[in-house]
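# Architecture and fold: a report
One letter stands for each residue in the lines below.
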Amino acid sequence: MKIKLLLMVGVLFLLYGCTQAPLSEPASTPVLTRTATLTPLSTVTPTKTLVPTATQVPTSTTVPTPTWAVVGPGEVIAPILLYHHIDPELNSPLYNVSPEQFAEQMQALADWGYTTITIAQLVEAINQGAVLPPRPIVITFDDGNHSVFQYAYPIMQQHGFVGVNYLVANRLQADGFMGVEELTELYKAGWEVGSHSYTHLDLRTDHDKAFDEIYHSRLDLAADLDQPVISFAYPFGGIDDYLGDRVGKWGYSAAVGLGKQFVHNTFSLYYLSRIEIKQALSLEEFGSLLPWSSPPN
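## Regarding the packing of aromatic side chains
Scanning the model with the defined rule gives 13 aromatic pairs in all. Consider the rings of Phe 211 and Trp 250, whose centres lie 5.1 Å apart with planes at 85°: the pair is edge-to-face. Placement of the pair is Phe 211 in helix 6 (residues 210-225) and Trp 250 in the loop between helix 7 (241-249) and strand 10 (254-256), with a sequence separation of 39 residues. When its relative accessible area of 13% is taken as the criterion, Trp 250 is described as buried. One aromatic cluster in this structure is built from Tyr 83, Phe 102, Phe 141, Phe 149, Tyr 153 and Trp 191. It is Arg 218 that lies over the ring of Tyr 252; its NZ or CZ is 5.6 Å from the centre.

In structure tokens:
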């Protein structure tokens, strides 16, 4: 009797189990796919350059905040100014502008509606288009003189301007020149650095040293400063076919020289024209070198 009872319980248990809905399989774990990495428009252009920051917009109350828009690719209008020393005591009409004169020129640029950009931003706009202000300007300084940090930097800060320092690699930390600490502060404020060769040699006279002067100066400056170095300034503005070819092959995206032009394109990337600013210029003459020398409407 007990055996029959147990058999009946077993049968009932089996029948009851078969009436239950089968357990569903656990949902498969979703496969995590790598988020697509956006390739930057330019391998040398930091993404911050596409967004106008507070340090890049003139603070002058007489000038409305400019509306930034995509410019390029192709032709870009942007004057590039060249300074050397900003020193109250140096007597060098060709290579020095006094702080007072420099301050007057920077105030004029702010009043005329200019906004500073870097060479990296300019290169990106030429190559594939970039967001730029309506009146862009690049302000460059050759050699890395300490007076740029001492005098030019605070004046430019008043207007939210940034600049580009072209450094001679073997002068880094030398007496009278900027060092890592100063250049790091400028970089954090939005400034850019480029190479002005290793020893300031006129490379047209010695192609055998071009590799060290051009290639190694870029590597060493980038390593010492922990900053990107994407452009080269020819010593004395000197270029020939050999140098123009090698600068591109040795890792630079652009190079700057001398001239009066303020219209740039892909054909001028390795000799972007820079307008040299000398001590004798009046403010009217200074304005005559620029595409816009009156306040925007």
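## Side note on the confidence of the model for the protein
Of the residues in the protein, 78% have a pLDDT of 70 or more, and the chain-wide mean is 84. Low pLDDT, under 50, characterises residues 1-63; the predicted model gives this stretch 53 contacts beyond four residues in sequence or across chains.

## Points about helix 3 (residues 119-128)
Given 3.6 residues per turn, any residue in an α-helix points the same way as the ones three and four places further on. The element helix 3 is largely enclosed, with a buried count of 8 among its 10 residues. When helix 3 is considered as a whole, its buried residues turn out to be Ile 119, Ala 120, Gln 121, Leu 122, Val 123, Glu 124, Ala 125 and Ile 126. Looking one or two residues past helix 3, Gly 129 carries a phi angle of roughly 90°, positive in sign.

Cut-offs applied
- Residues numbered from 1 in each chain as written.
- Predicted model: local features only at pLDDT ≥ 70, side-chain atom pairs only at ≥ 80, totals over all residues.
- Heavy atoms only, no water.
- Phe/Tyr/Trp six-rings, centres within 6.5 Å; stacked < 30°, edge-to-face > 60°.
- Helix = DSSP H or I, 4+ residues; strand = E, 2+ residues; numbered from the N terminus.
- Buried < 20%, exposed > 50% of the residue type's maximum accessible area, 1.4 Å probe, protein only.
- Lys NZ or Arg CZ within 6 Å of the ring centre and 35° of its normal.
- pLDDT = per-residue confidence, 0-100.
- Contact = heavy atoms within 4.5 Å.

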